[in-house]
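Coordinate inspection notes
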Protein chains: 2
Amino acid sequence: MGREAVLDVLSLTEDHLSAEDIYMRVHETYPAIGLTSIYRTLDMLVNIGLVYKFDFGDGRARFELAEGPKGKDHHHHLVCTGCGHIVNYRDFIDEEVALLKKTEEGLSKKYNFAITNHLIQFYGLCETCRKK
Amino acid sequence: MGREAVLDVLSLTEDHLSAEDIYMRVHETYPAIGLTSIYRTLDMLVNIGLVYKFDFGDGRARFELAEGPKGKDHHHHLVCTGCGHIVNYRDFIDEEVALLKKTEEGLSKKYNFAITNHLIQFYGLCETCRKK
DNA sequence: TTAAACAGTGAAAATGGTTGTCAATAACAA
DNA sequence: TTGTTATTGACAACCATTTTCACTGTTTAA
Ligand SMILES: [Mn+2]
Ligand SMILES: [Mn+2]
Ligand SMILES: [Zn+2]
Ligand SMILES: [Zn+2]
């Protein structure tokens, strides 16, 4: 099963790979694999919560390892609307984490939601893109 | 030009409409319009910042009026991963707004980004979906 | 006024990431 | 063995979005 292979690829990078990116990398050490299986495996990994699926607006899904024992630390994204460059940032202000928890609790109560996750992204222009 | 028609449709709902949803509604009062023009107009409205484009993972882009003079108030999203239901919430805790600004400033400085916007979504299960 | 350049538009075709189908093979059970 | 079930990859189908292009109405320049 390519489950391990896909997880290995994802654990080796900070990038946000597309299904085809992953396919190509797995293919190097596991040439028998098909793109279909990569999609299938990713789907399953996303469903069991080991992998996150994102859409940054470039027409293809992007994946990264979910946080956890083997996963990267939890982080948020800084997205450049000019060139698409994405920064993973984890240096949260202390208050940020505290407030996030507080906000989740408030929303849970008010709207009767069992909140399990959040997505936080800031959009703007990186230094390079600003200079043009 | 269908610009007005599209904006009218979007200003009449709290929902997050797809391009085709919008097409069908505009079509009622403006039967000559084509789907291509809807896409073109949406693209342009997104570029000039009058409309926001989202992806909630159902395979099609979703649109809503950006905040502003004629727009809705700024809000964040609560997304049910069970049924896809989306809540627009605007009752921010006071601190939330303050901290958001502070965080933006910190990030701007640290990563040299000119931040113009943010996307904040909480994921979970709504009451109905929790009961199954 | 006229004619050429231009901008806006919709129908239809093309694109391309993703999903579905299906036959082949592997793993397992009786 | 032998039948059953699970896994897999090649290929076809899908479908939201984009591209192409002919057609129209509008502006511009002589
Ligand atoms: Mn990331
Ligand atoms: Mn909304
Ligand atoms: Zn950039
Ligand atoms: Zn639900």
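1. Let's talk about the coordination of the zinc ion (ligand 3)
All names here are of chain A. The zinc ion (ligand 3) binds to the protein through Cys80 (SG), Cys83 (SG), Cys126 (SG) and Cys129 (SG), with metal-donor distances spanning 2.2 to 2.4 Å. Each of the 4 donor atoms bound to the zinc ion (ligand 3) contributes to angles spanning 104 to 118 degrees, and the resulting shape is tetrahedral. Counting gaps between the donor residues of the zinc ion (ligand 3) yields the pattern C-x2-C-x42-C-x2-C. One end of the pair, Cys80, is in strand E4 (residues 76-80); the other, Cys129, is in helix H5 (residues 127-130), with 49 residues separating them in the sequence.

2. Section: the sheet that holds strand E3 (residues 61-65) of chain B
Residues and elements named next belong to chain B. Strand order in the open sheet formed by 3 strands is E1-E3-E2, with antiparallel pairing between adjacent strands. Looking along the sheet, the strands with just one partner apiece sit at the ends: strand E1 (17-18) and strand E2 (51-55). The pairing of E2 with E3 spans 5 bridges and is classified as antiparallel. When the sheet's bridge partners are listed, Asp55 is paired in E3 with Ala61.

3. A closer look at the pattern of salt bridges
In this structure the tally under the stated criterion is 10 salt bridges over all chains. Of the charged contacts in the structure, one is a salt bridge between Arg90(B) and Glu14(B), with a shortest N-O distance of 2.5 Å. Within this pair, whereas Arg90(B) is found in the loop between strand E5 (86-89) and helix H4 (94-111), its partner Glu14(B) is found in the loop between helix H1 (3-11) and E1, the two being separated by 76 residues in sequence. The class of Arg90(B) is partly exposed, set by a relative accessible area of 28%. The exposure class of Glu14(B) is partly exposed, given its relative accessible area of 38%. With a closest N to O distance of 3.9 Å, Glu127(B) and Lys131(B) form a salt bridge. Residues participating in the shared-partner salt-bridge network are Asp21(A), Asp58(A) and Arg62(A).

4. Notes on the protein's contact with DNA strand C
As a structural note, the neighbourhood of DNA strand C is formed by Thr36(A), Tyr39(A), Gly59(A), Arg60(A), Ala61(A), Met1(B), Ala32(B), Ile33(B), Gly34(B), Thr36(B), Ser37(B) and Arg40(B). Take the atoms of DNA strand C that sit within 4 Å of the protein: sugar and phosphate atoms are 58% of them. Between a phosphate oxygen of DNA strand C and a main-chain N or O atom of Ala61(A), the distance comes to 2.7 Å. Side-chain polar atom of Arg40(B) to a base nitrogen of DNA strand C: 2.7 Å apart, as the coordinates give it. Looking at the surface near DNA strand C, the elements that each hand over two or more residues are helix H3 (35-47) of chain A together with helix H3 (35-47) of chain B. Considering each element in turn, the surface near DNA strand C owes the most residues, 3 residues, to H3(B). Across the surface near DNA strand C, the residue classes tally to 5 nonpolar, 5 polar and 2 charged.

5. Observations concerning unusual backbone geometry
All names here are of chain A. One non-glycine residue with positive phi stands out, namely Asn112, at about 60 degrees. Among the secondary structure elements, Asn112 is positioned in the loop between helix H4 (94-111) and strand E6 (114-125). Judged by its relative accessible area of 33%, Asn112 is partly exposed.

6. Concerning the domain arrangement of chain A
All names here are of chain A. Here chain A is described as being made up of domain 1 (1-66) and domain 2 (71-132). In this structure, domain 1 and domain 2 have C-alpha centres spaced 22 Å apart. At the junction of the two partners, domain 1 supplies 11 residues and domain 2 supplies 11 residues. Between domain 1 and domain 2 lies a buried interface of about 880 Å² when both sides are counted; carbon and sulfur atoms form 52% of it. Interface area lost by domain 1 to domain 2 is led by Glu14, His16 and Phe56, which between them contribute 50%. At the boundary of domain 1 with domain 2, the tally comes to 1 salt bridge. Scanning the region where domain 1 abuts domain 2 turns up 6 residue pairs in polar contact (both at pLDDT 80 or more). Looking at the side of domain 1 that touches domain 2, the elements that each hand over two or more residues are helix H1 (3-11), strand E2 (51-54) and strand E3 (62-65). Grouping the amino acids of the side of domain 1 that touches domain 2 by side-chain chemistry returns 6 nonpolar, 3 polar and 2 charged.

Parameters and conventions
- Residues numbered from 1 in each chain as written.
- Chains lettered and ligands numbered in written order.
- Predicted model: local features only at pLDDT ≥ 70, side-chain atom pairs only at ≥ 80, totals over all residues.
- Heavy atoms only, no water.
- Donors = N, O, S within 2.8 Å, 3.2 Å for Na, K, Ca; no water.
- Tetrahedral: all angles 85-135°; square planar, octahedral: opposite > 155°, others 65-115°.
- Helix = DSSP H or I, 4+ residues; strand = E, 2+ residues; numbered from the N terminus.
- Pairing = 2+ DSSP bridges.
- Salt bridge = Lys/Arg side-chain N within 4 Å of Asp/Glu carboxyl O.
- Buried < 20%, exposed > 50% of the residue type's maximum accessible area, 1.4 Å probe, protein only.
- Near = heavy atom within 4 Å.
- Polar contact = N/O pair within 3.5 Å; in protein donor to acceptor, adjacent residues only side chain to side chain.
- Nonpolar A, V, L, I, M, F, W, Y, C, P; charged D, E, K, R; others polar.
- Domains from an automatic or database assignment.
- Contact = heavy atoms within 4.5 Å.
- Buried area = accessible area lost by both parts, 1.4 Å probe.

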